Amino acid sequence: MKLTRRDLAAGSGALLAASTLAAPAVLGQAKPRVVVVGGGPGGATAAKYIAKEGNDAITVTLVEENETYQTCFHSNLYIGGFKSYDEIVHRYDALASAYGIALVRARATQIDRDKREVVLADGQRLAYDRLVLSPGIDLKYDSVPGWSKDAEELMPHGWKPGRQTQLIKQKLDAVPDGGVIVMIAPPNPYRCPPGPYERASMFAHVLTQTGRKQAKIIILDPKESFSKQGVFQPDWERRYGAMIEWLGPKVHDGIKSVDPRTGTVVTGFESYENCAFVNVIPAQMAGAIARDAGLAPAGGYCAIDPATMKSTADASIFVLGDACNAGDMPKSAFSANSQAKVAAMIVRGELANGRTFPARYVNTCWSLVDTDDAIKVGGRYEPKEGRIAATDTFISQPGESDEIRRQTQAENLAWYAAICADMFT
Amino acid sequence: MRAAAGLALCAALFAIAAPARAAADKALGEYLASECTSCHQLSGRSTGGIPAIIGWPEPQFVAVLESYGRKERDNQVMQAIVARLSHDDMAALAAYFGALKPKP
């Protein structure tokens, strides 16, 4: 666990000694305590909006294992050569310096719901009055026969930040002309619904730009259809000819096995041998800390109250982002950021006499198909009959003008700058 | 006496300036604005694809939102956002963003 200078300067007693960390929320406690687990779009946003300009009504502690945050959003633009790796990495410093949030660099391993404490990897405990849980996803390593955690170097998923994202780019760069890339797409529900298809677009963009026009990208999908399919597929044909081939389950008849050592993928219909690169994006579930705390069904996602983002199992815990079941909202950074603002409003209402308003949510997912050619899908959402339901939705259309597509990409880039500023500054 | 007169003058000026803002709900504006800041930077910085929206005159801010509502402006994201904003919501947003100054 790392203490920042700000923690010490602020005299945040909660961080100075383990005995203080475990102190219950009684007698002489000046301020209510909020612990936020996970520094992604859900957690970082929630921490900032709860701390609110550091006005000190609430003690906010953000627990995050990593020193920096690599965004999964726009990692496909890094893979496609549109952004450097440094451009998708961000720091947490301003959350401490500008908002007085205590940053605890540690892995949270467990939640003691009875005592209202978060247990860290080194055994220390952080007491909370409200807990905001935004742990993201875990991968189901047993969801593709023959694939495993040990195989993730040979057949990378690239669905978590860091080395895995970089591995995808390295493998793509090594594909020879005429080589075959097989992408195994995930079943619903998963992080970033259009992500696999934007990534395939970026593969094709890089291969085309580097003179490897005989290479092939085969997407084996367990789903009958996918996000923005009606726009992606005609665009692929227009931009990349026959380079990208999408096969649904009725065509490939199931993914029977993969062999990471030989680069083989066997479906019910065909075997792909000596693949230049196999990208396995497996099935997903809520992060372990949420599942282990009994907030999600086995292998699933956490149920939440759509009006508050609170776990339906524990009224002192909020679950945000990819780890929760947010009804019609997709698992996206934008969604998590939106949900965090509802949670922050409710937390401040309960702990700092803040005013509360009816929950409202928004999301947009942009995808880059080729240079200056982006598409989008999104909507507004509200609580309705026990779930978060879409009220207004929109989606790009095939055959839109070059100017609209160029504007959509400009919007995509501006959104990235804005949401990162919203999370980290 | 002079100080008291000054205060009275200030109060009078405030009374004249106040009605325009009185309708807008600041706390509501702040909450609703958090929806906008996923795309529009609070600092007023803009990288081109999405405009800065701080420091605008309030009537202009409301007029632009209403034009999305009538689909005279064609951005799909903004049309969907505006579809659920009441006039009070728009006034609250206009007051909140209108009062913000660009950060260096």
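Definitions and cut-offs
- Numbering of residues starts from 1 in each chain and follows the order in which that chain's sequence is written.
- Key to labels: chains lettered from A, ligands numbered from 1, both in the order written.
- With pLDDT at 70 or above as the cut-off, local features in this predicted model cover only qualifying residues; side-chain atom pairs require 80 or more to be listed or tallied, and sums for whole chains, interfaces and linings still use all residues.
- Once C-beta atoms have been placed from the backbone, residue pairs whose C-beta atoms lie within 7 Å are recorded as contacts.
- Elements are defined by DSSP. Helices are runs of H or I of four residues or more, strands are runs of E of two residues or more, and each kind is numbered from the N terminus.
- Three residue categories are used. Nonpolar comprises Ala, Val, Leu, Ile, Met, Phe, Trp, Tyr, Cys and Pro, charged comprises Asp, Glu, Lys and Arg, and polar comprises the others, including Gly.
- UniProt positions are given in the numbering used here, feature names are shortened, and annotations may be inferred rather than shown by experiment.
- Axis definition: a line fitted to C-alpha atoms, limited for helices to the stretch in contact. Angles are taken between N-to-C directions and run from 0 to 180 degrees.
- Should an angle fall under 35 degrees it is called roughly parallel, over 145 degrees roughly antiparallel, and 65 to 115 degrees roughly perpendicular, with every other angle called oblique.
- Residue burial here comes from a neighbour count, namely the number of other C-beta atoms, placed from the backbone, that lie within 10 Å of the residue's own C-beta, with 20 or more meaning buried, 12 or fewer meaning exposed, and in between meaning partly exposed.
- With the strands pointing away from the viewer, any crossover whose connection runs clockwise from the first strand over the helix to the second is right-handed.
- Any two strands are treated as partners once DSSP identifies two or more bridges connecting them.

- Per an unreviewed UniProt entry, chain B goes by Cytochrome c domain-containing protein and derives from Bosea caraganae.

- Where an unreviewed UniProt entry is consulted, chain A appears under the name NAD(P)/FAD-dependent oxidoreductase, with the organism given as Bosea caraganae.

Here's the deal with the interface of chain B and chain A
Argument step 1. In this assembly, 22 residues from chain B lie in contact with 29 residues from chain A.
Argument step 2. Those elements that place two or more of their residues in the side of chain B that touches chain A are helix H2 (26–36) and helix H4 (76–82) of chain B.
Argument step 3. Considering every element that reaches the side of chain B that touches chain A, the biggest residue donor is H2(B), with five residues.
Argument step 4. When its residues are assigned to classes, the side of chain B that touches chain A shows nine nonpolar, 11 polar and two charged.

Considerations on the UniProt feature "domain: Flavocytochrome c sulphide dehydrogenase flavin-binding" (unreviewed entry) in chain A
Argument step 1. Here the UniProt-annotated "domain: Flavocytochrome c sulphide dehydrogenase flavin-binding" (unreviewed entry) positions come out as residues 359–424 of chain A.
Argument step 2. Secondary structure over residues 359–424 of chain A splits into 35% helix and 47% strand, and the C-alpha atoms at its two ends are 23 Å apart.

Looking at the packing of H2(B) against helix H5 (residues 87–98) of chain B
All names here are of chain B.
Argument step 1. One can describe the packing of H2 onto H5 by two numbers: an axis separation of 8 Å at closest approach and a directional angle of 85°. Taken together, the axes of H2 and H5 lie roughly perpendicular to each other. Between H2, through Lys26, Leu28, Gly29, Glu30, Leu32 and Ala33, and H5, the contact on the second element is made entirely by Asp89, Ala92, Leu93, Ala95, Tyr96 and Phe97.
Argument step 2. Grouping the amino acids of the contact of H2 with H5 by side-chain chemistry returns eight nonpolar, one polar and three charged.

Remarks on the environment of A:Arg105
Argument step 1. Of note, A:Arg105 is situated in the loop between strand S5 (102–104) and strand S6 (108–112).
Argument step 2. C-alpha of A:Arg105 to C-alpha of A:Gln233: the two residues are 128 residues apart in sequence and 43 Å apart in space.

Things to note about the pairing of strand S11 (residues 180–184) of chain A
Residue and element names in this part refer to chain A.
Argument step 1. For S11, a buried count of five out of five residues is recorded, marking the element as mostly surrounded by other parts of the structure.
Argument step 2. Every second residue of S11 is oriented toward a common face, with Val180, Val182 and Ile184 on one face and Ile181 and Met183 on the other, all of them buried.
Argument step 3. Read from S11 through helix H7 (residues 195–209) to strand S12 (residues 216–220), the crossover connection turns out right-handed.
Argument step 4. In terms of strand pairing, S11 meets strand S17 (residues 277–280) through four bridges, oriented parallel. Bridged to Val182 within S17 is Val278.

Focus on the sheet that holds strand S23 (residues 361–370) of chain A
Residues and elements named next belong to chain A.
Argument step 1. Ordered in space as S23-S24-S25, the three strands form an open sheet in which the pairing is antiparallel. Looking at strand neighbours, the two that pair on one side only are S23 and strand S25 (387–395), the edges of this open sheet. This sheet shows a mean twist of 25° between the axes of neighbouring strands, independent of strand direction.
Argument step 2. With nine bridges connecting them, S23 and strand S24 (residues 373–384) associate as antiparallel partners. Counted as the bridge partner of Trp366 is Lys376 from S24.

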